[in-house]
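Okay, here's what each chain looks like letter by letter:
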Amino acid sequence: LPGAGTCYQQAKRVLHVAVPDRLHARERETGVIWQFLREHVCGHRPGSLYVSGAPGTGKTACLSRVLLDRKDELAGSKTIVLNCMSLSSPQGVFPAVAQQLGLPTAAGREGVRRLEKQLTAQGPMVLLVLDELDQLESKGQDVLYTLFEWPRLPGSRLVLVGLANALDLMDRGLARLGTRPACGPQLLHFPPYTRDQLAAILQERLGQVGGDPVLDAAALQFCTRKVSAVSGDARKALDVCRRAVEVVELEVQSQTLLKPLPGGE
């Protein structure tokens, strides 16, 4: 089958989890994130945003898209993006932020004090994005409290955006922040994708591959029905389809390689 290999390779490529040019069914969430950044980063007003939602609902992709699309508007500020999964302990967030700000790292309370001094000194706004924020839960929640208190310090120039799977992290771990609603973080929740939304995501990705459809409509419907019933996780849907393409590709290869023996069945 001339060109068949190429179409399967292309299909697998477009089904990889990457930040797409446009995010389906996330216009509202993208708008809320940009409005928050415009108001706080561009408007020189410290503040915090807590983004929650199950894995694969587009939290990181949406934020990454906004940061890419609005790079020019945010150019006057310092942006730091950290994935908390990469830290060896919750306390490790402080030296990681210090390093990004070009500060000498100091352990414990002294390190936190230096950071606070830096973040309340004159200078450009600092946008700190902490992905997988749930990893910073600790005994007494001291790490999360410290971080969410920073935008409220007098003279602060910090805008904090935290992304986590848990919807109740604020209730569970940061209840004291909620006692002063005006000072607490703004909340944004990403609901799971519906079956139709998952189907639109897959169709748009596969539509980039020329020629006949690699996976038929019935297979896509089956995949989106199963994934939406369990999780609404777009990454899972992309993964299932990518594996399906691999199976088809192997079948086609074996058909072309294994010619029937003369006189055989």
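Everything in this summary refers to the structure shown in the same document. Keep in mind it's a predicted model, so treat the numbers as computed, not measured. (Residues numbered from 1 in each chain as written. Predicted model: local features only at pLDDT ≥ 70, side-chain atom pairs only at ≥ 80, totals over all residues. Heavy atoms only, no water.)

### Some thoughts on the pattern of salt bridges
Within the structure shown, the criterion is met by 15 salt bridges. A salt bridge links Glu27 to Arg22; the nearest nitrogen and oxygen atoms lie 3.8 Å apart. On the basis of relative accessibility, which here comes to 47%, the residue Glu27 falls in the partly exposed class. Ionic pairing is found between Arg45 and Glu39, a salt bridge with its closest N-O pair at 3.2 Å. By relative accessible area, Arg45 is classed as partly exposed at 43%. Owing to a relative accessible area of 35%, Glu39 belongs among the partly exposed residues under this scheme. Through salt bridges with shared partners, one network takes in Asp21, Arg65 and Asp69. (Salt bridge = Lys/Arg side-chain N within 4 Å of Asp/Glu carboxyl O. Buried < 20%, exposed > 50% of the residue type's maximum accessible area, 1.4 Å probe, protein only.)

### Points about unusual backbone geometry
You will see that His44, though not glycine, has its phi angle at about 55°, which is positive. Relative to the assigned elements, His44 resides in the loop between helix H2 (27–42) and strand S1 (47–53). Of note in the backbone geometry, Glu132 takes a positive phi value of approximately 55° without being a glycine. Within the secondary structure, Glu132 sits in the loop between strand S3 (126–131) and helix H6 (142–149). (Helix = DSSP H or I, 4+ residues; strand = E, 2+ residues; numbered from the N terminus.)

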